[in-house]
Amino acid sequence: MDVIVIGGGIVGVATAYQLRAAGHRVCVVERHATVAQGATYGHGGTVLPTPLDVWFGPTFMASRQNARNGVISKTGFNGPARQFVKQLAVLQEPEAFSRQYGHLRPLIESSRETMADVETRFGLEFEQTSGVLYLVRSAQEWEQTQSALELLRQYEVPHHVLTPAECAAFEHSVRTEPEFAGGVLFDQERTANCALFAKLIKQTLDNQGGVQFMLGCEVSSIRLEGQRASVELAPSPGATSRSREVDVIHADAVVVAAGYGSLGLLERLGLRLPLHPLRLHNLVAPIAHEECAPHVAIVDAVKRIGISRMNQRLRIAGGAVLQSAGQIDKPLGEALTKEALALLGQATHDWIPGAARISAALPWEGVKLLSPDGLPVIGNALHPRLFVNVGHGPAGWGLACGSGKLIADLISGHTPEVPADTLAALRAERFQ
Ligand SMILES: Cc1cc2nc3c(=O)[nH]c(=O)nc-3n(C[C@H](O)[C@H](O)[C@H](O)COP(=O)(O)OP(=O)(O)OC[C@H]3O[C@@H](n4cnc5c(N)ncnc54)[C@H](O)[C@@H]3O)c2cc1C
């Protein structure tokens, strides 16, 4: 089949790879001049999500204080944004958390296998580093973490629960004063460079053939007609009025994997997904003192701030700002940006003092889509020829490899590897 994938972030690129592997001809349409320029560019380095990473559950936005949550909530009186926060709060209840994580788990496992296959097949090097250490500050937060620990035991995820002294003995850069509650070490999990991974996959596809990348092209709308689907391209900014005829590309199926840009495209077709855009920040800081720099990635488990090392830099990601959806296309403003970046600087200082030169750090911000039930939207929607692969939230990288495989299976008419209840929990129709 001929398949158009809209979006050249990690989700679009991973989907194109899987579609090609299943024997389809693929065209990826990306509005930027190259791939991995959206949320994928600023990812924090965590590859696969654990129950401690997912952006829902008992520790997520459990406190009303922004500084304790790691999420700056500025919803004001905006109804839909407040409603979104309320829906996420339901998942703080351990049973609801466990049920949703249970739906996600097969996708995580499929992603792990798919990614391992790609890596061994092509011998890709994308700054992989083993070991992720999650740290928890207070006794109350440690208590809230227990249901995530229970899920780790239930799914037999290799991990070690450490006392503060054991954390510091394992990772010398972690300070022990003031006291903190404890840590969880995943010595087999990894961090790496997602944008580099996406570019290497593109390079592999360029070498193999069968996938065309239309870069610098923006899709303005999707058309669904009978057994065909097509996309309209927006005229390029420099086009004269004579050359402003609408360019249309036809295919047998269209996959919408355009990150935040997906919402508008789908809305124009009549599919309104209740995903909420969330701004996230990162800082890339030079290492200040080598002896203070961590050798594994550190994650502030409650604030969901990840600090991973890439060569002589530390990548510090998190600092979420939750506003009404209407605010997301406007600049954030200096005060809020400062507040978000301060969360990143403070977490780095709190856990690994002296490691990073925050004053010399380069800031970046990106938008990702968060789902009110914590799960991405993956599958067929609205029309037999339309597929969506969006809303992976903060765990987009690892999940992208599994979700790309799932879309390729659905388009090829193969039975997906993930069980039926996971498939149902990921479908767009679940919100109706
Ligand atoms: C600061 C930050 C830190 C993060 N940390 C992590 C982490 O540690 N681990 C992890 O797994 N995830 C992390 N994430 C989340 C992860 O980056 C995202 O889930 C993932 O990158 C989403 O990929 P995507 O392809 O859906 O979106 P994007 O990377 O945003 O890609 C979508 C692409 O679609 C293109 N597009 C949009 N509309 C159109 C259109 N109309 N026509 C053509 N092209 C279009 C855009 O230009 C863009 O390139 C982080 C995100 C941020 C912002």
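Here is a short report on the structure shown in this document. Not measured: the values here are computed from a predicted model. (Residues numbered from 1 in each chain as written. Predicted model: local features only at pLDDT ≥ 70, side-chain atom pairs only at ≥ 80, totals over all residues. Heavy atoms only, no water.)

### Section: the overall build of the protein
Along the backbone of the protein there are twelve helices and 18 strands. For the protein, buried positions account for 55% of its 432 residues. Long-range pairs, those at least 24 residues apart, make up 78% of the contacts in the protein between residues at least 6 apart in sequence. Of note, the protein has its 38 positive side-chain charges centred 7 Å away from the centre of its 42 negative side-chain charges. (Helix = DSSP H or I, 4+ residues; strand = E, 2+ residues; numbered from the N terminus. Buried < 20%, exposed > 50% of the residue type's maximum accessible area, 1.4 Å probe, protein only. Contact = heavy atoms within 4.5 Å. Lys, Arg positive; Asp, Glu negative; His and termini not counted. Charge placed at Lys NZ, Arg CZ, Asp CG, Glu CD.)

### Concerning the site of the ligand
By nearness alone, 33 residues border the ligand, and Glu30, Thr40, Gly44, Gly393 and Pro394 come closest of all. Between an oxygen atom of the ligand and a side-chain N or O atom of Glu30, the distance comes to 2.7 Å. Between the ligand and the protein, one listed contact pairs an oxygen atom with a backbone N or O atom of Gly45 at 3.1 Å. Expressed as a share of its isolated accessible area of 1000 Å², the protein-covered part of the ligand is 95%. Here the residues of the shell around the ligand are counted per class, giving 14 nonpolar, 16 polar and three charged. (Near = heavy atom within 4 Å. Polar contact = N/O pair within 3.5 Å; in protein donor to acceptor, adjacent residues only side chain to side chain. Areas by Shrake-Rupley, 256 points an atom, 1.4 Å probe, with all protein chains shown as cover. Nonpolar A, V, L, I, M, F, W, Y, C, P; charged D, E, K, R; others polar.)

### Observations regarding empty space enclosed by the protein
In the structure shown here, the tally under the stated rule is four cavities of 30 Å³ or more. Counted as a void, the largest cavity has a volume near 90 Å³. Taken together, 14 residues make up the lining of the largest cavity; nearest its centre are Trp55, Phe56, Gly374, His392 and Pro394. Classifying every residue of the lining of the largest cavity by side-chain character gives nine nonpolar, five polar and no charged. As for the second largest cavity, its lining consists of Pro51, Leu52, Phe56, Gly57, Pro58, Thr59, Phe97, Gln144, Thr145, Ser147, Ala148 and Arg304. (1 Å grid on protein atoms, 1.4 Å probe; cavity = no way out; pocket = protein on both sides within 12 Å on 5 of 7 lines; lining within 4 Å. Points joined across faces, edges and corners; volume = space filled by probe spheres on them.)

### Some thoughts on helix H5 (residues 94–122)
Look at H5: 41 Å from first C-alpha to last across 29 residues, which is about the 42 Å you get at 1.5 Å a residue. At Leu104, H5 shows its largest bend, some 30 degrees, and a proline, Pro106, comes one to four positions later. One or two residues past the end of H5 sits Gly123, with phi positive at roughly 55 degrees. (Expected span 1.5 Å × (residues − 1). Bend = angle between axes of the 7 residues up to and from the residue.)

### Some thoughts on the environment of Thr145
Here Thr145 lies in helix H6 (residues 139–154). Taking relative accessible area as the criterion, Thr145 reaches 2% and is therefore assigned buried. The residues contacting Thr145, other than those within four sequence positions of it, are Leu52, Thr59 and Val136.

### Thoughts on the nonpolar core
Residues Phe197 and Trp397 are the most contacted members of the largest nonpolar core, which totals 82 residues. When residues of this core are sorted by domain, at least three fall in each of domain 1 (2–40 + 196–273 + 374–431) and domain 2 (59–92 + 129–189 + 276–370). Apart from the residues lying within four places of it in its own chain, the contact partners of Trp397 are Ile10, His43, Gly45, Thr46, Val47, Met115, Phe126, Ala192, Asn193, Cys194 and Phe197. Counting residues in hydrophobic clusters, the runner-up holds 31 residues, among them Ile72, Leu185, Val321 and Ala356. (Core = buried A, V, L, I, M, F, W, Y, C linked by side-chain atoms within 4.5 Å. Domains from an automatic or database assignment.)

### Considerations on H6
Because an α-helix packs 3.6 residues into every turn, residues spaced three or four apart end up facing the same way. In a regular helix each residue adds 1.5 Å, so 16 residues correspond to 22 Å; H6 covers 23 Å between its end C-alpha atoms and thus fits that length. Along H6, the largest kink reaches about 35 degrees and is centred on Gln146. Positive backbone phi, approximately 50 degrees, marks Glu156, located one or two places after H6.

### Observations concerning the packing of helix H1 (residues 10–21) against helix H8 (residues 194–208)
Interhelical geometry of H1 versus H8 gives an angle of 30 degrees and a closest axis separation of 10 Å. Judged by the sense of rotation from one axis to the other, the crossing of H1 with H8 is left-handed. Counting all contacts with H1, which are made through Ile10, Val13, Ala16, Tyr17 and Arg20, the residues of H8 involved are Cys194, Phe197, Ala198, Ile201, Lys202, Leu205 and Gln208. Residue classes in the contact of H1 with H8 are distributed as nine nonpolar, one polar and two charged. (Axes fitted to C-alpha atoms, helices over the stretch in contact; angles between N-to-C directions. Left-handed = near helix turned anticlockwise from the far one by under 90°.)

### Some points on the sheet that holds strand S10 (residues 247–251)
Pairing in this open sheet of three strands is antiparallel, and the strands run S8-S9-S10 from one edge to the other. At either margin of the open sheet sits one strand with a lone partner, and together these are strand S8 (219–225) and S10. For this sheet, the mean angle separating the axes of adjacent strands, direction not counted, is 20 degrees. (Pairing = 2+ DSSP bridges.)

### Looking at the sheet that holds strand S18 (residues 383–390)
Strand order across the open sheet formed by six strands is S7-S2-S1-S11-S18-S17, with mixed pairing between neighbours. Sheet topology places strand S7 (211–215) and strand S17 (377–381) at the edges, where each strand pairs with a single neighbour. Going across the sheet, the axis of each strand differs from the next one's by a mean of 15 degrees, ignoring polarity. Of the pairings in the sheet, the one linking S17 to S18 comprises five bridges and is antiparallel in character.

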